[in-house]
Amino acid sequence: MNWDDTTDTSAEDRLVGPAEERLVGPVADREDQAVEAALRPKDLGEFIGQEKVREQLDLVLRAARARGATADHVLLSGAPGLGKTTLSMIIAAEMGAPIRITSGPAIQHAGDLAAILSSLQEGEVLFLDEIHRMSRPAEEMLYMAMEDFRVDVIVGKGPGATAIPLELPPFTLVGATTRAGLLPPPLRDRFGFTGHMEFYEPTELERVVHRSASLLDVEIESAGAAEIAGRSRGTPRIANRLLRRVRDYAQVKADGFITREIAAAALAVYEVDARGLDRLDRAVLEALLKLFGGGPVGLSTLAVAVGEERETVEEVAEPFLVREGLLARTPRGRVATPAAWAHLGLTAPRTSAGGTGQQDLFGA
């Protein structure tokens, strides 16, 4: 549905071990990329969710078409799997232009960017994923290309080096980033439109699941779609991945029709609970609650207790737990919230007189 098919180079993608193959991970694997290409919406009317971004982007594209000009440069920010690549393809389709896809990590030298820019056609859309990871020399070249549609190619070295100006045809740059704060202000200011992709509401994900089920020729009832949507972490890519796993379960264990009971049973097999937590998430919470009384506890200590690397806990498990209000990061360490105790069906211990939230080990 609305998700990215390019290989995301986020922190989760760079980690090794069990975390890299999580069913609820937002990074697209090869299977995701193969399926998503067939499920992508082709225009803004088909795109589900992101109402504000869609409405604003529609005005930008309509105005550009009315003027007979290329669209303004577009910056899309947000977590992986929310639809940045899909929107870039829709922008190209709405403008009737071809699209070229690359990524920031692939552009390590200014010459790499110059080669791409010099081969663009007039009106073409250049999609640059993870734009914040582009090299500094290429980034500085991009400033002039975006503003003046011109780049200076340096020929030679040292005192004899010569800058040859190269005129570029008007084009539209669509930049995507999972970390907008890492973009330097001069680059960010050159985008005519900036859209932030929000996490999806369960009702929106239900529509995503229903649409994908129809395209995949899967029969599903509304309650079954709601069950999958509620465990999808607000991310369409995860919703579609869970749908495929539930479909497999329904074909093997049932008659192929997905009900709420079938969806719940299938996701229980894959260890995805009612709030979308998987084995790693629950291991972090259980260690925090059962071994350390809810905290506070240091990150390194928590990682050792879970049997994972520190980076895995911090960059893979914690963001969702914090967003769900199950865990808090404090100067003293990680602390479980009352919601975490309730979710695991445990009773929170009494706190010390100082009210720090740490378990009172010596009180009566």
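**Considering the overall build of the protein**
For the protein, the helix and strand inventory stands at 15 helices and nine strands. Taken over 364 residues, the protein has a buried fraction of 49%. Long-range pairs, those at least 24 residues apart, make up 72% of the contacts in the protein with a sequence separation of at least 6.

**Considering the pattern of salt bridges**
Note on pairing: side chains with opposite charge can pair once their charged atoms come close. In this structure the tally under the stated criterion is 18 salt bridges. Put simply, Arg211 and Glu46 hold a salt bridge, and the shortest N to O gap is 2.7 Å. Note that Arg211 is positioned in helix α8 (residues 202–215) and Glu46 in the loop between α2 (30–39) and α3 (51–67), a separation of 165 residues in sequence. Linking Glu318 and Arg329 is a salt bridge whose minimum nitrogen-to-oxygen distance equals 2.8 Å. One end of the pair, Glu318, is in helix α14 (residues 310–323); the other, Arg329, is in strand β8 (residues 327–330), with 11 residues separating them in the sequence. The exposure class of Glu318 is buried, given its relative accessible area of 0%. One salt-bridge network, held together by shared partners, links Arg136, Glu139 and Glu140.

**Observations concerning the side chain of Ser232**
One can find Ser232 in the loop between α9 (222–230) and α10 (236–253). A distance of 2.6 Å separates a polar atom in the side chain of Ser232 from the backbone oxygen of Ile228. Sequence-distant contacts of Ser232, defined by excluding residues within four places in its chain, comprise Leu205, Ile238, Ala239 and Leu242.

**Here we look at the confidence of the model for the protein**
Averaged over every residue, the pLDDT of the protein is 82; residues scoring 70 or more account for 85%. Across residues 1–20, confidence stays below pLDDT 50; counting only partners more than four residues off in sequence or on other chains, it has 87 contacts. Long-range and interchain partners of residues 352–364, a stretch whose pLDDT sits below 50, account for 18 contacts in this model, where long-range means more than four residues apart.

**Some thoughts on the pairing of strand β2 (residues 99–103)**
Where β2 lies against strand β3 (residues 125–129), five bridges are found, and the strand directions are parallel. If you follow Arg100 over to β3, its bridge partner there is Leu126. Tracing the backbone out of β2, into helix α5 (residues 110–118) and back to the parallel element β3 gives a crossover that is right-handed.

**Details of α5**
Of the positions making up α5, those classed as buried are Ala110, Leu113, Ala114, Ile116 and Leu117. The buried residues of α5 occupy one face: seen down the axis, they fall within an arc of 165°.

**Some words on the packing of aromatic side chains**
One pass over the full model with this rule turns up one aromatic pair. Between Phe149 and Phe171 the ring centres are 5.5 Å apart and the planes differ by 80°, which places this aromatic pair in the edge-to-face class. Here Phe149, found in the loop between α6 (136–148) and β4 (150–155), pairs with Phe171, found in the loop between β5 (162–167) and β6 (172–177); they are 22 residues apart in sequence, far enough to count as distant. For Phe171, a relative accessible area of 1% puts it in the buried group.

**Brief notes about the nonpolar core**
Counting residues in each nonpolar core, the largest one holds 46 residues, and the members touching the most others are Leu87, Ile220, Ile228 and Ile258. Ranked by the residues each element gives to this core, the list is headed by α10, at seven residues. Ile228 has contacts with Val209, Ile220, Ala239, Leu242, Leu243, Val246 and Ala263, leaving out every residue within four places of it along the chain. Counting residues in hydrophobic clusters, the runner-up holds 25 residues, among them Ile116, Leu128, Ala145 and Val151.

**Describing the pairing of strand β9 (residues 333–336)**
Looking at chain direction, β8 and β9 are connected through four bridges and run antiparallel. Across the sheet, Arg329 pairs through a bridge with Arg334, a residue of β9. As consecutive antiparallel partners, β8 and β9 are separated by two residues.

**Structural notes on the environment of Phe193**
Along the chain, the position of Phe193 falls in strand β7 (residues 193–196). Judged by relative accessible area, Phe193 falls into the buried class, the value being 8%. Residues Phe193 and His73, spaced 120 residues apart in sequence, show a C-alpha to C-alpha distance of 6.4 Å. Among all residues touching Phe193, those that are not within four sequence positions of it are Val53, Gln56, Leu57, Val60, His73, Val74 and Leu75.

**Quick notes on the environment of Gly307**
The topology assignment puts Gly307 in the loop between α13 (299–306) and α14. Through-space distance from the C-alpha of Gly307 to that of Val284 is 9.6 Å; in sequence the pair is 23 residues apart.

**Quick notes on the packing of α13 against α14**
At their nearest, the axes of α13 and α14 sit 8 Å apart, and the two run at 90° to each other. With respect to α14, the axis of α13 lies roughly perpendicular. Listed contacts from α14 to Leu299, Ser300, Leu302 and Ala303 of α13 are Arg310, Val313, Glu314 and Glu318. Broken down by class, the residue content of the contact of α13 with α14 amounts to four nonpolar, one polar and three charged.

Rules of the game
Residues numbered from 1 in each chain as written. Predicted model: local features only at pLDDT ≥ 70, side-chain atom pairs only at ≥ 80, totals over all residues. Heavy atoms only, no water. Helix = DSSP H or I, 4+ residues; strand = E, 2+ residues; numbered from the N terminus. Buried < 20%, exposed > 50% of the residue type's maximum accessible area, 1.4 Å probe, protein only. Contact = heavy atoms within 4.5 Å. Salt bridge = Lys/Arg side-chain N within 4 Å of Asp/Glu carboxyl O. Polar contact = N/O pair within 3.5 Å; in protein donor to acceptor, adjacent residues only side chain to side chain. pLDDT = per-residue confidence, 0-100. Pairing = 2+ DSSP bridges. Right-handed = clockwise from strand over helix to strand, strands pointing away. Arc of directions from axis to C-beta. Phe/Tyr/Trp six-rings, centres within 6.5 Å; stacked < 30°, edge-to-face > 60°. Core = buried A, V, L, I, M, F, W, Y, C linked by side-chain atoms within 4.5 Å. Axes fitted to C-alpha atoms, helices over the stretch in contact; angles between N-to-C directions. Parallel < 35°, antiparallel > 145°, perpendicular 65-115°, else oblique. Nonpolar A, V, L, I, M, F, W, Y, C, P; charged D, E, K, R; others polar.

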